Amino acid sequence: MPVETRPLTLNNILVMDADVHVSDTPEALAPYVDGSYRRVLEHASTLPRRYLDIPGYAPSLALDLPLPDRGAGARSVETARQMREDLDAMAIDLAVLFPDHLLALAALPDETYSAALARAYNAWLADQWVSRDQALYGAIVAAPQDPEDAAREIRRYGSESGFVA
């Protein structure tokens, strides 16, 4: 499939970052999640957290030093527009977007919840982030706990032009 590109910005070389992470917080995904899990995500959004460590959503055994200047705010943007501005400042023409918190999705034990999170993430990414005009492309999240649901998500988003992985 041909990929639309933005004007080349670095010595006429196309620059792609294939590992750009979006801030997939519980509060961002709550409007996209199925049924009763919305309450779970709304509650998770109120819990104390550290970068990539939200109980019941993105569990982590964070062993990093709790340095005051290394919070999530310094590492993330909230909108596709901010992402595009930051990428432009680094002369990056194309970006493939991956989850931040949901990289830990495979660690969640409940298959129904995990699949619901994957579906919510994919819908949110398609709605809020994926943009061929801004050269922001999506990577589908598939919950390994529910292979049949994962296959449905891949079939659903795999044919959309803004998803590439």
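Since we're looking at a predicted model, the values are computed, not measured.

Visitor: I tried to follow the pairing of strand β2 (residues 94-99) on my own but got confused; where do I start?
Guide: With 5 of its 6 residues buried, β2 lies for the most part within the structure. Where strand β1 (residues 16-22) meets β2, 5 bridges bridge the pair, whose relative direction is parallel. Across the sheet, residue Met-16 finds its bridge partner in β2, namely Leu-94.

Visitor: Is there a simple way to explain the packing of aromatic side chains in this structure?
Guide: The way to describe two aromatic rings as a pair is by their centre distance and the angle between their planes. The tally for this structure, following the rule as stated, stands at 4 aromatic pairs. Ring geometry for Trp-124 against Trp-129: centres 6.0 Å apart, planes inclined by 65°, an arrangement best described as edge-to-face. With 5.0 Å between their ring centres and 50° between their planes, Tyr-157 and Phe-163 make a pair best called tilted. Look at Tyr-157 and you get buried, because its relative accessible area is 2%. Three or more aromatic residues joined by ring pairs form one cluster here, namely Tyr-121, Trp-124 and Trp-129.

Visitor: Would you take a moment to explain the side chain of Ser-23 for this structure?
Guide: Relative to the helices and strands, Ser-23 is located in the loop between β1 and α1 (26-29). With sequence-adjacent residues up to four places away left out, Ser-23 is seen in contact with Ala-28, Ser-76, Val-77, Glu-78 and Trp-124.

Visitor: Quick question: what am I supposed to make of the pattern of salt bridges here?
Guide: Should their charged atoms come close, side chains of opposite charge can pair. Within the structure shown, the criterion is met by 6 salt bridges. Between Arg-84 and Asp-88 there is a salt bridge, and its shortest N-O distance comes to 2.9 Å. Separated by 4 residues within a single helix, Arg-84 and Asp-88 lie in helix α3 (residues 80-89), roughly one turn from each other.

Cut-off values and rules
Residues numbered from 1 in each chain as written. Predicted model: local features only at pLDDT ≥ 70, side-chain atom pairs only at ≥ 80, totals over all residues. Heavy atoms only, no water. Buried < 20%, exposed > 50% of the residue type's maximum accessible area, 1.4 Å probe, protein only. Helix = DSSP H or I, 4+ residues; strand = E, 2+ residues; numbered from the N terminus. Pairing = 2+ DSSP bridges. Phe/Tyr/Trp six-rings, centres within 6.5 Å; stacked < 30°, edge-to-face > 60°. Contact = heavy atoms within 4.5 Å. Salt bridge = Lys/Arg side-chain N within 4 Å of Asp/Glu carboxyl O.

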